[in-house]
Structure formats: C-alpha cells, structure tokens
Amino acid sequence: MLDIQNLQVFHGPIEAVHGISLSVASGQCVALLGPNGAGKTSTISAICGIAQASGTIAFEGTDLAKVSVEDRIGRGIAVSPEGRRIFSNLSVEANLRIGGGIRSDRENIQADIDKWFDTFPILGERRSQPGGTLSGGEQQMLAIARALMSRPKILLLDEPSLGLAPRIVAQVFQMIAQLRSEGMTILLVEQNARQALDISDYGYLLNNGRIQAQGTSAELGGSKDMMAKLTGLV
Amino acid sequence: MEYAAQQIINALSFGAEYALLALGLAIVFSVMGLVNFAHGEVIAVGGYTMVAFAALVTANPLIIIIGAVAATALTSVALERVAFRPVRYADPTTGLLTAFGVSIVLQNLFLLFISPRPIAVTSLYFLDAPVMVLGVQISSLQIFESITTVVVIIGLVLFLQRTTLGLAMRAASLDFEMVRLTGIRANRVFALAFLISGLLAGLACIFIMARRGSVDPHFGFNPVLKAFVACVVGGFGSLPGAVLGGFLLGAVEVAMLVLLPQEYGGLKDAFVFGIIALVLVWRPDGILSPAREKGDKL
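Here is what the cut-offs are and how they apply
Residues numbered from 1 in each chain as written. Chains lettered and ligands numbered in written order. Predicted model: local features only at pLDDT ≥ 70, side-chain atom pairs only at ≥ 80, totals over all residues. Helix = DSSP H or I, 4+ residues; strand = E, 2+ residues; numbered from the N terminus. Rg over C-alpha atoms; globule rule 2.2 N^0.38 Å. Buried ≥ 20, exposed ≤ 12 C-beta atoms within 10 Å, placed from the backbone. Contact = placed C-beta atoms within 7 Å. Pairing = 2+ DSSP bridges. Axes fitted to C-alpha atoms, helices over the stretch in contact; angles between N-to-C directions. Nonpolar A, V, L, I, M, F, W, Y, C, P; charged D, E, K, R; others polar. Parallel < 35°, antiparallel > 145°, perpendicular 65-115°, else oblique. Left-handed = near helix turned anticlockwise from the far one by under 90°.

Draft legend 1. Structural detail: the overall build of chain A. Counting its secondary structure elements, chain A contains 10 helices and 10 strands. Relative to its length of 234 residues, chain A is compact, with a C-alpha radius of gyration of 17 Å against a globular reference of 17 Å. Within the span of chain A, comprising 234 residues, buried residues form 44% of the whole. Partitioning the contacts of chain A with sequence separation of at least 6, the portion at a separation of at least 24 is 65%.

Draft legend 2. Looking closely at the sheet that holds strand β7 (residues 154-158) of chain A. All names here are of chain A. Read from one edge to the other, the open sheet built from 6 strands follows the order β6-β7-β8-β3-β9-β10, with strand pairing classed as mixed. Of all strands in the sheet, those with a lone pairing partner are β6 (77-80) and β10 (210-216), marking the two edges. Ignoring which end each strand starts from, the neighbouring axes of this sheet average 15° apart. Bridge analysis of β7 against strand β8 (residues 185-190) gives 5 bridges, and the strand direction is parallel. Opposite Asp158, over in β8, you have Val189 as the bridge partner. Strands in contact with helix α6 (residues 136-148) are β6 and β7; relative to β6, the strand with the most contacts, it is inclined by about 170°.

Draft legend 3. Seen up close, the environment of Ile104 of chain B. Checked against the element boundaries, Ile104 of chain B lands in helix α4 (residues 92-113). Sequence separation between Ile104 of chain B and His218 of chain B is 114 residues, and the spatial gap between their C-alpha atoms is 9.9 Å.

Draft legend 4. Highlighting the interface of chain A and chain B. Taken together, the contact between chain A and chain B spans 25 residues of the former and 18 residues of the latter. Put simply, the parts of the chain that give the side of chain A that touches chain B at least two residues each are α2 (69-74) and α3 (92-99) of chain A. Tallied by class, residues from the side of chain A that touches chain B come to 12 nonpolar, 9 polar and 4 charged.

Draft legend 5. Geometry of the pairing of strand β3 (residues 29-33) of chain A. Residue and element names in this part refer to chain A. Counting buried residues in β3 gives 5 out of 5 residues, a clear majority hidden from the surface. Side-chain alternation along β3 places Cys29, Ala31 and Leu33 on one buried face and Val30 and Leu32 on a second face that is also buried. Bridge analysis of β3 against β8 gives 5 bridges, and the strand direction is parallel. Bridge pairing in β8 places Ala31 opposite Leu188. In this structure, β3 lies alongside strand β9 (residues 202-207), joined through 4 bridges in parallel fashion. Bridge pairing links Leu33 to Leu205 in β9.

Draft legend 6. Representation of the packing of α6 of chain A against helix α7 (residues 166-181) of chain A within the structure. Residue and element names in this part refer to chain A. Two elements in contact, α6 and α7, have axes separated by 10 Å at closest approach and are oriented at 15°. If you check the angle between α6 and α7, you find them roughly parallel. Relative to α7, the crossing made by α6 is right-handed. Contacts from Gly137, Gln140, Met141 and Ile144 of α6 reach α7 at Ile168, Gln171, Val172 and Met175. Across the contact of α6 with α7, the residue classes break down as 5 nonpolar, 3 polar and no charged.

Draft legend 7. Spatial organisation of the packing of α3 of chain A against helix α6 (residues 164-172) of chain B. Following both chains from N to C, one finds α3 of chain A and α6 of chain B inclined at 110°, their axes separated by 9 Å at the closest point. With respect to α6 of chain B, the element α3 of chain A is oriented roughly perpendicular. In contact with Ala94, Arg97 and Ile98 of chain A of α3 of chain A, α6 of chain B contributes Thr164, Leu167, Ala168 and Ala171 of chain B. When its residues are assigned to classes, the contact of α3 of chain A with α6 of chain B shows 5 nonpolar, 1 polar and 1 charged.

Draft legend 8. Local environment of the sheet that holds strand β2 (residues 14-24) of chain A. All names here are of chain A. One open sheet accounts for 4 strands, arranged β2-β1-β4-β5; its pairing is antiparallel. A single partner strand is all that each edge strand has here, and the edge strands are β2 and β5 (62-63). Sheet topology places strand β1 (residues 2-11) next to β2; 8 bridges connect them, and they run antiparallel. Paired with Phe10 across the bridge in β2 is Glu15. Against the sheet, helix α1 (residues 40-48) contacts β1, β2 and β4 (52-59), and its axis sits at roughly 110° relative to β1.

Now the structure itself:
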C-alpha cells in the first residue's frame, strides 16, 4: 500500500534521512524503531508532504511527489503526529469534527464521533471541554481518534507513547493492537521497541538516518543483542 | 441626563464601527499572523465602487450598498490570491512589508487613475437622519451601526462554533500545519478569512461613507489605524479582544471629547493614546490576548 524507495529528507541544509526504503502492505502493522534523532519523525513528515524530500513515496501505486499535503490526506493517509498537536482551544468534539472535515457524508460523521465517545467514555464525558485540558493519555487517544475520523486507509502513528505513564502506554498499545485486529494498516513510529514489536508484523530499525536492520517482529525481537548494540534500546 | 444618554450612544456607535474594523484585521491575523495594513485600501475600494455605481448605474442606495460590499469582498480575496499567498509561509515581517506595499500601490492607483481630490457620494446621506428614541435625539446611523455590529458578531460566533470550516479557522490560529494534516485545504481557510475580512470592510465602508460622504485616496488610513489600535488593546489575534478593543477605543474617544475642557480639545488624541499606553503597561499583550503556547514537547 505504501512503498518508499531511497527516501532522503532534508531540514534546510541538513539531511536527516539518507536514502531509506520501506514498505507497508495492506492490513499490516509496521514498526519504525529507533532512538531520538534517528529520522523517524522526518520520515513521517515526508510521507505527509510537510518536509522537503527526494526519492519516491508511492501510495497505492501513485507517486506522491506532486501531491499536496491536503490531497495526501484525501487519498487516505492519516496521521497522529508527534506531540499529539491537539487543537487545545477547541472542544474535544470540535477536534473530532475537524478530523472528519474532508468527508462529505455528513450524517455519518456524528455517528463516528459518538462511536469514539463510546470507545473512550472519558472523551465523551469531556466532549465540550477544551482539548488542552485533557491529560496526556487522553490527548493521545483524541489524536488517534481525530486521525481516524477521516476514515483513512493507512494510519501513521508518531510516538504515541511519548511522555505517557507506563500504565497509559499499555492502554495506547492495546488500542493500536485493537485497530490492527480490525484490519487497519498502520505505520507505527516508536522508541519503545519491545512493546511496538509485540503488536507489529514487521519492523525496521532506523539510526542516524539509515535503516540498520529489518525483519519480522519475531526476528527483530529475537535478536536483542543487535538491537541493543545499534540503538541502545530494548 | 439626556446629554449623558446621547454621549453613551455616541460611544457605543463609534465603538461598533471600530469593532467592525478591528474584526476585519483580527480575523486575518488570527489565521495567518498577518497585520493587513491594506485593509484600509479595501475599504476605499468600497467607497470608489459607491462613486462608480452612483454615477454610472443607479441611484438606488440598496444596490449601491450591495455593490460596495461585493467589491470589498472580492478585492480582499483577490489580494490574498495575488499578493499574500506567495508570502504565506514566509517570515511575518515579509507579510507586513507586503501589506504596506499593497497599501501604497493601491493608494497610488486611486491617485493616478481616479483623482487625488475627494469625490462626493450623496446617496447614503439618508442613513444619517435624526430620530427621537425615548426622548433622546440620536442619529439613525448610530442605530444601524449598532444593530449591524451585533448581527455581525452573532453571525461570526455561530459560524466559528458551528461549521467545520469555522472550527478549522479557529484551529488554524493555533496550529495551521495540523489543520492541513487533517486534509482541510489551506487555500480555502485563507480565502475564507480574507472573504470575511472583506465583507467586514464593506460594512464599515457603508457607515464611514454615510458619515463622511466622500472618498479620497487616503480614505482608508484613519480606519485602519483605529482598527490596529483596537486590536492591540484587545489583544492581537483574539476576536473577542478586537471587539472589546473597538468598543473601548470608542468609549475613551467620546469620554475625552466630553471631559476635556474646550481649550485642550486639540489634545484629544494625545489623551486617548496615553490611556491606551497605560492599558498596555497593565496588559502588555492586550486585554484578551490568546494564551501563548509554552512550546513544551509532550
């Protein structure tokens, strides 16, 4: 579904990602792992079109090079970005409304919002509160729900566990596992390698802008020595 | 008593006009971070459209008004497309200089192609007739002005709270890139902000023309200055702040007119700006400035 070849990402004059290739098949959950500064978020930004990049990013067989940020979302890519970026001045419900802003089936949007309030009763209780008043974990749930409001074909999750208490992290991963079992295609960027591999089919290890290792979750998870050596994680 | 009531109504109607003007600046600033100093020239375009309509098309004031508002709205959207879109993601200073540039270019176009002298339009004088309300003599223009401003504010609030695009505009004031990442088109959000700004400029233009009765190339300078001051006092980027700042400015101006002894009348503006400076000492970011993002990475 998503096929990236020889991707280079630049922040001004600095090259953050030096020609990586990765692919995500339909229905797969793929983990992109690595420490701080490895180039994970740069990769996500390039897929969304908000970072300067070269190489090819193909989504469902179409090269995205000339496709605008908005059209990429319209084609079925959704992102829950690093730091969640909830619209803190808008209510929880308004955040979800904006998430579904590109849909034309107005009558189903409210149904989807209600569905998320059923899934996360805490969001439902706080539907009229400003998004900025939620806790970190609640904001993460809201960020994922907002992304899913566009009914995407692929969900990009950038560090969903960042800055959350271990108990909340477990809930977030449980939710991702649930999404995967429902058939959602997911590209999961994480530092939390072990938990990410537990819910993924395939993984890539990224460090210093290059892919250092890749394999099925079982293969990567089994070679903890290598992961520790390459990334200091595990 | 009657005198006091009259002055309060004066203050309210001045405030209503300044609020309309300030909202036009604030709505663009909140979305784009741009202080659109060409807003005054958009208002002037409305004035010249009235001249053209009155001279060439019809004497029907309703059609003249509709024509002027349509002209300001179109001008505002066109300026966004031609002048401000290329500098959209540039440094805020670039946007500010672009706005000054647009303002100067438009003023000189008026000067060269229309006339450096004021041109009178008399079709709107009928709006400004004395009426008695509860024993107080006021101008019908003041009533129209206040009602229009209230309707505009209610309409704007409903739009910003009920519609997805309105919500997106508020979200954009906080994190524009994230709005794009939800797939909502940046071009639409910007065009809409400028459209609303242009409509507000058109409404303000009607009232200014009804009062002044003529338009000249520097027609827009004073209104945009008042709007800027109102925005600064209320808190730049905050729409409620723009409204509050507008009414506050109106109240302070009328209060100075009333309270200053005749021989100090020429110092009115000095006192007005002095009071505003004091407000800014108390609240340097304006009274209702939006909370600043602390920028901590979660």
